[in-house]
Amino acid sequence: MSAEERIARGVLFCPGDPELKAIKLRSHNLCSEYNKTFEDETDKRKALVKDIFADFGEGSFVQGPIYIHYGKHTHIGNRFFGNFNLTIQDDAEVTIGNDCNFGPGVTIVTPVHPMLPDARRLVYKPVGTPVRMCYAEPVHIGNDCWFGANVVVCPGVTIGDGCVIGAGAVVTRDIPAGSFAAGNPARVIRTLSEADSMIHKPEVLDGYLVTPPESK
């Protein structure tokens, strides 16, 4: 079984496997190239993100700098915005839906290391050969989510559609759709509702409309 197959199965794999090291080196180098670009080098940036990620949807944009581990394990939907210092350690699969907005410093991690130090340093093959291993759990983020600055999403988490995650939250468990969650560890504060509509903030709207005006 290849290292990539082991990752997909959610079992121990060796991060130093030559196949995996080659994938990571490619992604890291492409990210370094992206981080050297100017913001108005739009064609170059579009080409690079297409090479970095497995999918990068129409109308999506990452401000940069970006730090993406494998790249090929991350699928990003349409009209995504990622602010400064987006970090995705996508040993396992990461999916991000359409119309998501991430504030600066958002981090998504998928690898998991053994809790006890002996196994974290080494485990042993059946023939007795020592090897350093870890495993990884996928992260799935739905459509229309907004993450505040410095949110951390931990391995194995699923965040439903239409969620708001408060700045600095550390998300260690699933968040149901339509929730506002915050804190460390993050907890659901409440379900979002019509009471959260901008229609109740006319002083902030300052003449703008939440819905299109009726046709005359």
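Look up a bit, the structure's there.
No experiment lies behind these values; they were computed from the predicted model shown.

Brief notes about the nonpolar core
Argument step 1. Formed by 36 residues in total, the largest nonpolar core has its most connected members in Ile96, Phe102, Ile108, Ile141, Phe147, Ile159 and Ile165.
Argument step 2. Mapped onto this core, the elements with two or more residues apiece are α2 (18-36), α3 (42-52), β3 (66-68), β6 (86-89), β7 (94-96) and β14 (139-141).
Argument step 3. Those residues in contact with Ile108, other than ones at most four positions away along the chain, are Thr87, Ile88, Gln89, Val94, Ile96, Phe102, Val139, Ile141 and Val153.
Argument step 4. The next biggest cluster of nonpolar side chains, apart from the first, holds nine residues, and it includes Ala3, Phe13, Ile23 and Ala136.

Points about a nonpolar patch on the surface
Argument step 1. Together, Met198, Ile199, Val204 and Val210 make up a nonpolar patch on the protein surface, roughly 360 Å² of accessible area in all.
Argument step 2. For Met198, a relative accessible area of 34% gives the class partly exposed.

A short note on the sheet that holds strand β15 (residues 146-147)
Argument step 1. An order of β2-β5-β8-β15-β18-β20-β21 is seen for the seven strands of this open sheet, with the pairing classed as mixed. On the outer flanks of this sheet lie β2 (61-62) and β21 (187-191), each paired with one strand and no other.

Rules used throughout
- Residues numbered from 1 in each chain as written.
- Predicted model: local features only at pLDDT ≥ 70, side-chain atom pairs only at ≥ 80, totals over all residues.
- Heavy atoms only, no water.
- Core = buried A, V, L, I, M, F, W, Y, C linked by side-chain atoms within 4.5 Å.
- Buried < 20%, exposed > 50% of the residue type's maximum accessible area, 1.4 Å probe, protein only.
- Helix = DSSP H or I, 4+ residues; strand = E, 2+ residues; numbered from the N terminus.
- Contact = heavy atoms within 4.5 Å.
- Patch = residues over 30% accessible without salt bridge, like charges linked within 9 Å, V, L, I, M, F, W, Y side chains within 5 Å.
- Areas by Shrake-Rupley, 256 points an atom, 1.4 Å probe, with all protein chains shown as cover.
- Salt bridge = Lys/Arg side-chain N within 4 Å of Asp/Glu carboxyl O.
- Pairing = 2+ DSSP bridges.

Worth remembering: the numbers are spatial, not functional.
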